[in-house]
Amino acid sequence: MSDIEIGRSKRARRVYAFDDIAIVPSRRTRDPRDVSISWTIDAYTFQIPVLAAPMDSVVSPATAIAMGQLGGLGVLDLEGLWTRYDDPTSLLAEIATLAPEDATARMQQIYSEPIKPELMRDRLAEIRAAGVPVAGALSPQRTQEFYETVVAAGVDMFVIRGTTVSAEHVSKSTEPLNLKKFIYELDVPVIVGGAATYTAALHLMRTGAAGVLVGFGGGAASTTRASLGIHAPMATALADVAGARRDYMDESGGRYVHVIADGGLGTSGDIVKAISVGADAVMLGSTLARATDAPGGGYHWGAEAHHSELPRGNRVHVGTLAPLAEILNGPSSVADGRVNLMGALRRSMATTGYSDLKEFQRVEVVVAPYLRS
């Protein structure tokens, strides 16, 4: 890919967001009922390639259970309100009523309550008792402190999720998490991210991670681009990380690391495009926060929104559209790609002639920029 001259001292690579690309049908079509969108990672098979993002506006113990029953995976934020308060429902309701100018400061106060290990244990036990796969997420900064509690409580999948996670974190003041040693010593699959470049993802794959989250600063509630000037257009980021997966397979003798898109997935079309450029699954935040049974009550926020020193996100209004089951599987009464996400994925795969997700990663893609109306 050729560089573009920004000025005499700097050149840059042209990269692409989902809106810059389009999928092209092939010579074959299929019946959508014959298309499989199941996804297998480690020993676990899911009927839909969707992880609900570990954000308080998206996942509570109840919605983690509902996601599991619908064939996906709900990932509980183990640093969120459900592990700080015995019953955070009144606080979730309060956050939904805050004036925009007061939201950040009040959320910083609410999230200053200490995390309680016994609540981590109880929330994970509640999900496990429902008979669905159990997944919890910690930031890299908290993983060292709480991972033993989480593993002892029993998780099927462990997620280390931050704005960006590297295998070579450097600090003069604290001992960094040794990802390779940490993952080696655990006996559950670990998903790590975000990453947005070939090199960063390749290093994470070498730690033994089962999956890599791809995305940086592209979520609906993120202001990372405005506050830090950092952003990774997702179509290129995913294609780069898929390239790292291919090269790591050669390097490791065939070990497959799953690529999970995490950010910039506002519609079913974005989900389709994510898989077309190499994603195995998607992690959804604002898309699922629109469910009438989501804990955010029509609002959406991430951990960046209440950072104690440098907030890099907002509490945003996303509204409510339909129950979670309909958001995922329909039927839909809107035509803008926000409801029946999995039905749209099946339809797109059928229209282009592909029968499963791995095949669909080979679909033809063209550069076709357009502006949303």
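Everything discussed here concerns the structure shown above.
Given the structure is predicted, the values throughout are model-derived calculations rather than measurements.

Asks: Tell me about the overall build of the chain, and please be specific about residues and values.
Replies: In terms of helices and strands, the chain carries 14 helices and 16 strands. Taken against the 2.2 N^0.38 rule, which gives 21 Å for 373 residues, the C-alpha radius of gyration of the chain at 20 Å falls within 12% of a compact globule. Across the 373 residues of the chain, 51% fall into the buried class. Considering only intrachain contacts with a sequence separation of at least 6, the fraction spanning at least 24 residues in the chain is 66%. As presented, the chain carries roughly 16,700 Å² of accessible surface, and 49% of it is formed by carbon and sulfur atoms. Side chains of the chain carry 35 positive and 41 negative charges; the gap between the two charge centres is 7 Å.

Asks: Could you give me a rundown of unusual backbone geometry, with the residues and numbers involved?
Replies: What is expected of a backbone is that most residues other than glycine have negative phi and most peptide bonds are trans. Here the bond from G193 into G194 is cis, since omega is 15°, no more than 30 degrees from zero. Following the sequence through the fold, G194 ends up in strand 10 (residues 190-195). That bond from G330 to P331 is cis: its omega, 5°, falls within 30 degrees of zero. In the Ramachandran plot, D42 falls in the positive-phi region, its phi being about 55° despite a non-glycine side chain. Checked against the element boundaries, D42 lands in the loop between strand 4 (39-41) and strand 5 (44-46). Look at D42 and you get exposed, because its relative accessible area is 54%. At N340, a residue that is not glycine, the phi angle is positive and equals roughly 65°. For N340, the location among the structural elements is in the loop between helix 12 (324-329) and helix 13 (341-352).

Asks: Give me the sheet that holds strand 13 (residues 281-284): which residues, what numbers.
Replies: Ordered by their spatial adjacency, eight strands build a closed barrel running 6-7-8-9-10-11-12-13, and the pairing between neighbours is parallel. If you compare each strand with its neighbour and ignore which way they point, the axes differ by 25° on average. The pairing of strand 6 (residues 50-52) with strand 7 (residues 73-77) spans two bridges and is classified as parallel. For L51, the partnering residue across the bridge sits in strand 7 and is L73.

Asks: I'd like to hear about the pattern of salt bridges, residue by residue, with values.
Replies: Applying the stated criterion across every chain, the model contains 16 salt bridges. Ionic pairing is found between E113 and K116, a salt bridge with its closest N-O pair at 2.8 Å. E113 gets classed as partly exposed once you look at its relative accessible area, which sits at 28%. A single network of salt bridges, built from pairs that share partners, joins E79, R142 and E145.

Asks: I'd love a proper account of the packing of aromatic side chains, names of residues and values included.
Replies: According to the stated counting rule, one finds four aromatic pairs in the structure shown. For the pair Y147 and F182, a centre-to-centre distance of 4.8 Å together with 85° between the ring planes defines the contact as edge-to-face. Placement of the pair is Y147 in helix 5 (residues 140-153) and F182 in helix 6 (residues 179-185), with a sequence separation of 35 residues. The class for F182 is buried, based on a relative accessible area of 4%. Every member of this aromatic cluster is reached through a ring pair, and the members are Y147, F158 and F182.

Asks: Any chance you could break down the packing of helix 4 (residues 117-129) against helix 5 for me, citing the residues and the numbers?
Replies: Between helix 4 and helix 5, the least distance of the axes is 9 Å, while the angle of their chain directions is 30°. Overall, the two elements helix 4 and helix 5 adopt an arrangement that is roughly parallel. As helix 4 packs across helix 5, the resulting crossing turns out to be right-handed. Facing helix 4, whose interface residues are P117, M120, R121 and L124, helix 5 presents F146, T149, V150 and A153. Considering only residue class, the contact of helix 4 with helix 5 consists of six nonpolar, one polar and one charged.

Asks: Give a description of the pairing of strand 7 that names residues and reports values.
Replies: With respect to burial, strand 7 is a largely interior element, five of its five residues being buried. Handedness of the strand 6-helix 1 (residues 61-69)-strand 7 crossover: right-handed. Here three bridges tie strand 7 to strand 8 (residues 135-138), and the two strands are oriented parallel to one another. Looking at the pairing, V75 lines up with A135 of strand 8.

Asks: Before we move on, could you go through the packing of helix 1 against helix 4 and cite the residues and values that matter?
Replies: Axis separation between helix 1 and helix 4 bottoms out at 9 Å; the angle between their running directions is 30°. Overall, the two elements helix 1 and helix 4 adopt an arrangement that is roughly parallel. Once helix 1 is placed against helix 4, the crossing between them reads as right-handed. Taken together, the residues of helix 4 that come into contact with helix 1 (itself represented by P61, A64 and I65) are R123, E126 and I127.

Asks: Give a description of the nonpolar core that names residues and reports values.
Replies: Among the nonpolar cores identified, the biggest contains 104 residues, and V50, L51, F158, M205, L238 and L288 are the most heavily contacted of them. Take this core: its biggest share by element is seven residues, from helix 9 (residues 234-252). If you look at the next biggest cluster of nonpolar residues, it comprises 15 residues, including L81, L98, A103 and Y111.

Asks: Quick one: what's the story with the environment of A130, residue by residue and with numbers?
Replies: Within the element layout of this structure, A130 appears in the loop between helix 4 and strand 8. Looking at A130, the relative accessible area reads 33%, which means it is partly exposed. For the pair A130 and A322, spaced 192 residues apart in sequence, the C-alpha to C-alpha distance is 23 Å.

Thresholds, definitions, all that
Residues numbered from 1 in each chain as written. Predicted model: local features only at pLDDT ≥ 70, side-chain atom pairs only at ≥ 80, totals over all residues. Heavy atoms only, no water. Helix = DSSP H or I, 4+ residues; strand = E, 2+ residues; numbered from the N terminus. Rg over C-alpha atoms; globule rule 2.2 N^0.38 Å. Buried < 20%, exposed > 50% of the residue type's maximum accessible area, 1.4 Å probe, protein only. Contact = heavy atoms within 4.5 Å. Areas by Shrake-Rupley, 256 points an atom, 1.4 Å probe, with all protein chains shown as cover. Lys, Arg positive; Asp, Glu negative; His and termini not counted. Charge placed at Lys NZ, Arg CZ, Asp CG, Glu CD. Pairing = 2+ DSSP bridges. Axes fitted to C-alpha atoms, helices over the stretch in contact; angles between N-to-C directions. Salt bridge = Lys/Arg side-chain N within 4 Å of Asp/Glu carboxyl O. Phe/Tyr/Trp six-rings, centres within 6.5 Å; stacked < 30°, edge-to-face > 60°. Parallel < 35°, antiparallel > 145°, perpendicular 65-115°, else oblique. Left-handed = near helix turned anticlockwise from the far one by under 90°. Nonpolar A, V, L, I, M, F, W, Y, C, P; charged D, E, K, R; others polar. Right-handed = clockwise from strand over helix to strand, strands pointing away. Core = buried A, V, L, I, M, F, W, Y, C linked by side-chain atoms within 4.5 Å.

Function cannot be inferred from these measures alone, as they are strictly geometric.
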